[in-house]
Amino acid sequence: MQIELNDIRKSFTIYERPEGRWGMLRGAFTRSVRKVKALDGIGFTISEGELVGYIGPNGAGKSTTVKVMSGILTPDDGECRIMGKIPWKNRVEHVSQIGVVFGQRSQLWWDVPVADSFDVLKDIYAIPAADYRVRLRELTGALGVDGLLKTPVRQLSLGQRMRCELAAALLHRPRILFLDEPTIGLDAVSKLSLRAFLKEENHQHGVTMVLTTHDMDDIEALCERVMVIGHGRLLYDGNLSGLQDKYAPEVIAKVNTDQMIAAMYEDLSLT
Ligand SMILES: Nc1ncnc2c1ncn2[C@@H]1O[C@H](COP(=O)(O)OP(=O)(O)O)[C@@H](O)[C@H]1O
Ligand SMILES: [Mg+2]
């Protein structure tokens, strides 16, 4: 298996200050502490070339899972091996094999032309010059961003920026791509072109993809397999049609996955 997670746990400690005018002062003495179990024993395996949808309501633990798999976060407990490497331990080797796109955060430099950010990535990943030229042409062509390379990132529309983010994440030819809400906020046309590109990249190069989304249309267009997470636990792992058989179609058809999860929770008596 290319990706293996077993019983991964991660809690966050949240320090809360009392509210109000004197809160800051009182906070020095009485800080309340709360623990959030972001991941409460997550396990799954993914084989090479799979395109898996990872869905669940806000706060379910999707981004935390992606961060653990990318080596950004170290879990409290559990095992994770990706292409034989432990992400947070073998960081350097690990990042050379994966690409990550966070829809709500840019990995491109805001004030400089897109091409300059790409050049920095070329150096970071030590991509040989000839290989870089070929790959850059390939990606900018497929994503339709050739004309944007000289534009500073801050001047791009969200759709244009997301296409550049994808190119940036794939320049070093990773075998695995993690996408955390890549379609969030995109217009319909941008969503379609992004989906088409991901599908093609998966088919052509066999890049494994784990895709977090709030949009069931993303899942329907791209993923045969879907994993559902809620409160840090895996609630469903199987094909989309199984999910559709199991739960009311009118619930699943809703673009809002939060409502679907609520229905699943009821079904599983987890509320
Ligand atoms: N850095 C952090 N500090 C404190 N709590 C966090 C942090 N990151 C995530 N959490 C909490 O962990 C839970 C899971 O968050 P997250 O993985 O971002 O969910 P999702 O991506 O599914 O919306 C939430 O309750 C969130 O508030
Ligand atoms: Mg998230």
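Below, the structure is looked at part by part. (Residues numbered from 1 in each chain as written. Chains lettered and ligands numbered in written order. Predicted model: local features only at pLDDT ≥ 70, side-chain atom pairs only at ≥ 80, totals over all residues. Heavy atoms only, no water.)

**A look at the overall build of the protein chain**
Here's step 1: Check the secondary structure of the protein chain and you find 11 helices and nine strands.
Here's step 2: A separation threshold of at least 6 residues defines the contact pool for the protein chain, and within that pool the share at least 24 residues apart is 70%.
Here's step 3: Carbon and sulfur atoms make up 51% of the accessible area of the protein chain, which amounts to about 13,600 Å² in all. (Helix = DSSP H or I, 4+ residues; strand = E, 2+ residues; numbered from the N terminus. Contact = heavy atoms within 4.5 Å. Areas by Shrake-Rupley, 256 points an atom, 1.4 Å probe, with all protein chains shown as cover.)

**Re the nonpolar core**
One broad rule of soluble globular proteins: the nonpolar side chains tend to lie buried together.
Here's step 1: F118, C164, L166, L171, L177, L179 and L198 are the most contacted members of the largest nonpolar core, which has 44 residues in total.
Here's step 2: Beyond its immediate stretch of four places on either side in the chain, L166 contacts V101, L143, L177, L179, L194, F197 and L198.
Here's step 3: Counting 26 residues, the second largest nonpolar core, distinct from the first, contains I8, V68, C80 and I98. (Core = buried A, V, L, I, M, F, W, Y, C linked by side-chain atoms within 4.5 Å. Buried < 20%, exposed > 50% of the residue type's maximum accessible area, 1.4 Å probe, protein only.)

**Some remarks on the pairing of strand β7 (residues 208-212)**
Within a regular strand, side chains alternate between the sheet's two faces.
Here's step 1: Burial analysis of β7 places five of its five residues in the buried class, which makes it a mostly covered element.
Here's step 2: Side chains T208, V210 and T212 project from β7 onto one buried face, and the interleaved M209 and L211 project onto a second face that is buried too.
Here's step 3: Bridge analysis of strand β6 (residues 176-180) against β7 gives five bridges, and the strand direction is parallel. Across the sheet, D180 pairs through a bridge with T212, a residue of β7. (Pairing = 2+ DSSP bridges.)

**A few points about the sheet that holds strand β1 (residues 3-16)**
Here's step 1: Spatial ordering of the open sheet is given by β2-β1-β4, a layout of three strands whose pairing is antiparallel. If you trace the sheet from one side to the other, it starts and ends with β2 (32-46) and β4 (77-82), each paired once. In this sheet, adjacent strand axes meet at a mean angle of 30 degrees when their direction is disregarded. (Axes fitted to C-alpha atoms, helices over the stretch in contact; angles between N-to-C directions.)

**Comments concerning the side chain of R161**
Here's step 1: Locating R161 in the fold gives a position in helix α6 (residues 158-170).
Here's step 2: Overall, the relative accessible area of 10% leaves R161 in the buried class.
Here's step 3: Not counting residues within four places of it along the chain, the set of residues in contact with R161 comprises G103, R105, S106, L108, W110, V153 and L156.

**Quick look at helix α2 (residues 62-70)**
Because an α-helix completes one turn every 3.6 residues, residues spaced three or four positions apart along the sequence face the same direction.
Here's step 1: The element α2 is extensively covered by neighbouring structure, given that seven of its nine residues are classed as buried.
Here's step 2: For α2, every residue scored as buried is listed here: K62, T64, T65, V66, V68, M69 and S70.
Here's step 3: A positive phi of about 85 degrees marks G71, the residue just after α2.

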